[in-house]
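# Structural description and commentary
If you want the building blocks of each chain, they are given just below.
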Amino acid sequence: MYCNQCEQTTKGEGCYQWGACGKNPEVDALQDLLVHCLRGLGEVAIAARTFGIIDKEADFFTCETLFSTLTNVNFDPNDFVNYIHKAVALRDELKARTFFTSCKHIEWSTLAEFQPAKTVSELVQQGKDIEYEFISSSAKNVDIFSLKLTVLYGLKGIAAYAYHAAELGQEDDRVYAFCHEALAALGSNEKTLEDWVNIALKLGEINLRTMELLDAGNTNTYGHPTPTSVPLGAKKGKAILVSGHDLKELEILLKQTENTGIYIYTHGEMLPAHAYPKLKQNYPHLYGHYGTAWQNQTKEFPVFPGPIVMTTNCLMPPHESYKDRVYTLGPVGWPGLTHLTNSNFNLVIEKALAMPGFTEDVAAKEVMTGFARNAVLGVANDVIDAVKQGKIRHFFLVGGCDGAKSGRNYYSELVEKVPNDCVVLTLACGKFRFFDKDLGNIGGLPRLMDVGQCNDAYSAIQIALALANAFDVEVNQLPLSMILSWYEQKAVAILLTLLYLGIKDIRLGPTLPAFISPNVFKLLSEKYNLKPITTPDEDLAACLS
Ligand code: FSO
Ligand code: SF4
C-alpha cells in the first residue's frame, strides 16, 4: 500500500504496510481503485457537459464517495466494492446518454473504458496495480507528482464540504465540474508544473465557493450562530453522543428524540451546533458537549453511558468495549458497525433507552462557541475601536485539526503565551487543546473566540476581509497571524483557499505534509512565505514584531 494523505502518516513519510489510522492494505487498494473509476467517470462527465448533459446523481456520487476515502471516514471494503461498481455503471449510463444526445462516436481513454474485476481479491489486485502505476509516474517528475497528490487530497476536502452543502440544498455546478476536471486531469502527463500550480490554486478558489455553499446551507437552515455557552458536564438521564460535522443528521436525530427523555450531547467537531439558534432553541434536549478531539475517542467513548453516532470523520478503529454501540451513517463505515440508512435513528434510540445514561447530574465548566462571522461582525465597530485605541494589539487565528502525534502541545502553549492585549480566534478540532481556558476579555470582547467547525474557515475569512476593508488595508497588512494545524484533507483544501486569496506568512504544523516535495515547498515559501511552526516563543515574537 502507499498512502501519505494525512499528517499522521508513518514516520512522516508514508504508510506502506498498514495505515497508522487503522486502514488496511486491502481497503487502501480499493480506495485507489475507486478514485481510478471516479477519474473515468470524470472524463465522461466532462464530455457529457459539452452536450449539455449534467448528471446530478453522478455529481453527488463523486463527492460522496471521494469523501469516503478521506482519512478516518470509511474502513469497510464492502462499501468500496459497491462504490466501484456503481461508479462504472454511472459512467456507462452517462456514456450512453452522451452518445444518444450527440450521435457522435467518442474515443474514450483507457481510463473511461476500465472494467472492474468480479471478485474482491481481484479488485484489490487491480487497485494495487493502479496504485503502482500512479506512484511510478512520480519518477518522471517528483514535483508534478507532489502537486498531483496535493490536488487529489484537496479534492477530497472539497468533496466532503460539497456533500454537506448538497444535503442542505446548496449546490453549484462549478464545484462538480471542477471535481470532474481535476480528477480526469490526474492521469495527464502533458501538464507542466505551472499548470499544476494553477490547478491547485483553482482548487483553493473552488473550495472557497464550496465552503460558502455550506455556510449558506447551515445559516439559511439553522440561523446565524450566536455566542452560546455550552455545558461540558451532563444531565441525569438517557444520553446519545453525536460526532462529526453533519448538522442535518443531528437535527433529524433531535426531532426523532423529542419527548423521549433522551439528552443529546455533541462530540468533537459537532460542538458549534449549540450556537445555531434553530437547533438550540427548538430542541432543549440538545444539552451539552462531551469529550474533546477525535484522537481521544478510544478513551472517551468507553465511559459515555449511551450510544454514539458518527456522522462523518474522524472515526478510529473502535474498541470491543464500545463497538456494539457505535453507529455510522452516510459515507462513514467500519466493518461490523451498524450503519444507519434513511436517517432512521430507531436503533440508536432503542439502545439509548436500554443503556443507563447518566445516573446523576455531572457538574463541570461551560465553554463558549458561536463567534462566527455574523456575531463577530455584529460588534465590528467595537473591535475596530479597540484596535484603534491600542486595546487589541494583534489577532491570532489558531485553527485546524488536532491529532495524536506529539508536537501538538505547541498550539496550547502558544495560546497560553499570547499576550493579554491580543485576541485568539479558533476553529476546527485543534481548539480542544485550549477550548476550556479562560483567557478573559478585552473591552467586553472575549479573548478566545470559537468561530466553529473547520468549514467555518469561510467565516474566519469573511471576518478578515471585512476588517481589512474597515481599516482600508490588504488582509496581509492586518495585525493578524494565522497559525494552522493540519491533519487531513479538508485542511489541505483550506490551505489552498488561503493561498488562492494571496494570504501570506501562514505558519503550518505540527509537521509539513509528506506529499509536498522540497521544491514545491520552496515555491510556496517564496511566493507566500508559508513556513513551518518553530517554537511558541519564537513564532509569537516574530508575529508581534
Ligand atoms: Fe477535525 Fe477530523 Fe474538522 Fe478534520 S474532526 S480533523 S479538518 O476531520 O474535519 O477538524
Ligand atoms: Fe496513513 Fe493517513 Fe493514509 Fe491512514 S490516511 S493510511 S494514517 S497516510
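Residues numbered from 1 in each chain as written. Chains lettered and ligands numbered in written order. Predicted model: local features only at pLDDT ≥ 70, side-chain atom pairs only at ≥ 80, totals over all residues. Heavy atoms only, no water.

Let us look at the UniProt feature "binding site: hybrid [4Fe-2O-2S] cluster" (unreviewed entry) in the protein chain. Under the UniProt annotation, the feature "binding site: hybrid [4Fe-2O-2S] cluster" (unreviewed entry) is placed at His245, Glu269, Cys314, Cys401, Cys429, Cys454, Glu488 and Lys490. Look at the named residues: they lie 246 residues apart in sequence, but the longest C-alpha span between them is just 14.2 Å, so in the fold they bunch up. With respect to the secondary-structure elements, Glu269 resides in the loop between strand 3 (262-266) and helix 10 (277-280). Once residues lying within four places of it in the same chain are set aside, the contact partners of Glu269 are Gly244, His245, Ala428, Cys429, Lys431, Gly452, Gln453 and Cys454. A polar contact is formed between the side chain of Glu269 and the backbone nitrogen of Cys429, at a distance of 3.4 Å. Ignoring anything within four residues of it in the chain, the contact list for Glu488 reads Cys6, Leu70, Thr71, Asn313 and Cys401. Side-chain polar atoms of Glu488 contact the side chain of Asn313, separated by 2.7 Å. (UniProt positions renumbered as here; feature names shortened; annotations may be inferred. Helix = DSSP H or I, 4+ residues; strand = E, 2+ residues; numbered from the N terminus. Contact = heavy atoms within 4.5 Å. Polar contact = N/O pair within 3.5 Å; in protein donor to acceptor, adjacent residues only side chain to side chain.)

In this section: the sheet that holds strand 10 (residues 422-427). If you trace the six strands from one edge of the open sheet to the other, you get 13-10-9-14-15-16, paired in parallel fashion. What marks the edges here is a single partner per strand, and that holds for strand 13 (448-452) and strand 16 (531-532). This element, helix 15 (residues 409-417), spans strand 9 (394-400), strand 10, strand 14 (480-485) and strand 15 (507-509) of the sheet and lies at about 155° to strand 14. (Pairing = 2+ DSSP bridges. Axes fitted to C-alpha atoms, helices over the stretch in contact; angles between N-to-C directions.)

Our focus in this paragraph is the packing of helix 8 (residues 193-222) against helix 17 (residues 489-500). Packing of helix 8 against helix 17 leaves a shortest axis separation of 7 Å and a crossing angle of 105°. Relative to helix 17, helix 8 is oriented roughly perpendicular. Here Ala200, Leu201, Leu203, Gly204, Glu205, Asn207, Leu208 and Met211 of helix 8 come into contact with helix 17, specifically with Ala493, Ile494, Leu496, Thr497, Leu499 and Tyr500. Considered class by class, the residues forming the contact of helix 8 with helix 17 number 10 nonpolar, three polar and one charged. (Parallel < 35°, antiparallel > 145°, perpendicular 65-115°, else oblique. Nonpolar A, V, L, I, M, F, W, Y, C, P; charged D, E, K, R; others polar.)

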